[in-house]
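# Geometric and topological summary
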Amino acid sequence: YGTSIEIDGSLGDGIAINNFFGKVGMKSFENNKMYFSTISSDLIIRYKLFGSNIKAKYGIVDSKAEVQIYDKIKLGGGEFLRGAYFEQYLTEEYYGFSFEIGIFSGKSNLFAFYDLGILRELNEPTHHIGMSVKLPAGKSHISLTIGFNLDESYENGKVHLKWNL
């Protein structure tokens, strides 16, 4: 069972709230119930081609029984905590923040980013920085992201390639 809410809006020239998105749900099996919730909100600020994206994220999985590994929230990859492998982090609760600044021209983007993740299972916040470029490829686009976890050596940087069809 679950529900989702999505709101898009504009606050005037160059400022928009985009993709405020939330999911709340419940899984029921025998006498154990598991509840999950994720919330994501994006604030987009633009002046012509230049701009920034500020993203706030929160997610939780709660259960009377032990949460199984396949039900945990998976973080890392080309979207958030971009200095990590795809789904490198498994957690039951997290708070996240992303800041992106650069050139956003519709189909083509070039920007620098900073991701902050506070995960229940980690003693310290995790910080990730890097660069991303998105280019048109016919009717789709290709994104190349290079991210670094600031707790690791720069030699352990991650490269994420995404092709949307």
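Please read all numbers here as calculations on a predicted model, not as lab measurements. (Residues numbered from 1 in each chain as written. Predicted model: local features only at pLDDT ≥ 70, side-chain atom pairs only at ≥ 80, totals over all residues. Heavy atoms only, no water.)

What follows concerns the packing of aromatic side chains. With the rule as written, the count across this model stands at three aromatic pairs. Aromatic pair Phe80 and Tyr94: ring centres 6.1 Å apart, planes at 40°, arrangement tilted. Taken together, the residues Phe80 in the loop between β5 (73–75) and β6 (89–91) and Tyr94 in strand β7 (residues 93–105) connect sequence positions 14 residues apart. Each of the two residues, Phe80 as well as Tyr94, counts as buried. Centroid distance Phe104 to Phe111: 5.5 Å. Interplanar angle 20°. Geometry classified as stacked. Phe104 sits in the buried class, given a relative accessible area of 8%. Given the relative accessible area of 10%, Phe111 is considered buried. The lysine or arginine in question, Lys57, covers the ring of Phe80, its NZ or CZ lying 5.7 Å from the ring centre. Across from the ring centre of Phe113, 3.9 Å away, lies the NZ or CZ of Arg82, which sits over that ring. (Phe/Tyr/Trp six-rings, centres within 6.5 Å; stacked < 30°, edge-to-face > 60°. Helix = DSSP H or I, 4+ residues; strand = E, 2+ residues; numbered from the N terminus. Buried < 20%, exposed > 50% of the residue type's maximum accessible area, 1.4 Å probe, protein only. Lys NZ or Arg CZ within 6 Å of the ring centre and 35° of its normal.)

Right, let's get into the environment of Asn109. Position of Asn109 relative to the elements: it lies in strand β8 (residues 108–119). Look at Asn109 and you get buried, because its relative accessible area is 13%. Counting along the chain gives 60 residues from Asn109 to Leu49, while the straight-line C-alpha distance between them is 9.3 Å. Dropping the residues within four chain positions of it, Asn109 is found in contact with Ile103, Phe104, Ser132, Val133 and Lys134. (Contact = heavy atoms within 4.5 Å.)

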